[in-house]
Amino acid sequence: MRIRLLTAAVLTSAVVLAACGNDDGADVRQIGGEVSGSQAASGTAECTPIGDFATADTTVNATLDEYSVTLDTEAVTTGAVHIAAENIGDEPHEILVVEAGSPDDLPVGADNRVSEDDLPDGSLIGEIEAFPGGQTCDGTFDLDPGTYVLFCNLVTSPGGIEVSHFMEGMATTLTVTG
Ligand SMILES: [Cu+2]
């Protein structure tokens, strides 16, 4: 799954590079940067549900807005955890699930995004990819006991100024107990 996503990202990067030439924004992930090239080209990333929430052991409701992630619970028991995400904002948002003690533990790159390549091996559990404001999306992830950071790693340019959603505080923690 990651290999396929990485391939899509590389293809998308090629499209972005081709479109922007040597523009200094070429290395900033654009909206839809991790979906297929055709979707990215249209600028619209739709919800792609992850996993099957019908078989989940528990549900966490997550509300996404500019720029926050709010959960309806701080802790769940281990198992298949359904994250039911509602984007009540205007911008697209996503949720990455990383095993880490707090948002401060995540490595941030020069582009003000969490550097997914620099995360400890195996700590990136999965993600609900970017989906538009006013919509919902579901992701189900098998979570072992531990602490997880749920965050949005998009950089957008509302009003022409780049905003790192993570750096603006779009992150929270979820504790999974045994
Ligand atoms: Cu966001």
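Residues numbered from 1 in each chain as written. Predicted model: local features only at pLDDT ≥ 70, side-chain atom pairs only at ≥ 80, totals over all residues. Heavy atoms only, no water.

Caption draft 1: How the structure looks around the coordination of the copper ion. All of the protein donors around the copper ion are H93 (ND1), C152 (SG) and H165 (ND1); their distances to the metal are 2.0 to 2.1 Å. Counting the intervening residues between successive donors of the copper ion yields the motif H-x58-C-x12-H. Linking H93 in strand 5 (residues 93–99) with C152 in the loop between strand 8 (146–151) and strand 9 (155–156), this pair joins segments that are 59 residues apart in sequence. Taken individually, H93 and C152 each receive the classification buried, so the pair is uniform in this respect. (Donors = N, O, S within 2.8 Å, 3.2 Å for Na, K, Ca; no water. Helix = DSSP H or I, 4+ residues; strand = E, 2+ residues; numbered from the N terminus. Buried < 20%, exposed > 50% of the residue type's maximum accessible area, 1.4 Å probe, protein only.)

Caption draft 2: Seen up close, the state of the cysteines. Evaluation of the coordinates by the stated rule reveals 1 disulfide. Bridging C47 to C137, the disulfide has an S-S length of 2.0 Å. Here the disulfide of C47 and C137 is right-handed, its torsion about the S-S bond being about 80 degrees. With C47 in the loop between helix 2 (37–42) and strand 1 (58–65) and C137 in strand 7 (residues 136–143), the pair connects residues that are 90 residues apart, well separated along the chain. (Disulfide = S-S within 2.5 Å.)

Caption draft 3: Highlighting the sheet that holds strand 3 (residues 75–77). Pairing is mixed across the open sheet formed by 5 strands, whose spatial order is 3-11-8-5-6. Looking along the sheet, the strands with just one partner apiece sit at the ends: strand 3 and strand 6 (124–131). On average, each strand axis in the sheet is inclined to that of its neighbour by 20 degrees, with strand direction left out of account. (Pairing = 2+ DSSP bridges. Axes fitted to C-alpha atoms, helices over the stretch in contact; angles between N-to-C directions.)

Caption draft 4: View of the packing of aromatic side chains. Here the structure, examined in full by the defined rule, presents 1 aromatic pair. Ring centres of F151 and F166 lie 5.4 Å apart, and the angle between their planes is 70 degrees; on these two criteria the pair is classed as edge-to-face. Pair noted here: F151 is in strand 8 and F166 is in the loop between strand 10 (163–164) and strand 11 (171–177), with a separation of 15 residues, a long-range link. F166 carries the same exposure label as F151, and that label is buried. (Phe/Tyr/Trp six-rings, centres within 6.5 Å; stacked < 30°, edge-to-face > 60°.)

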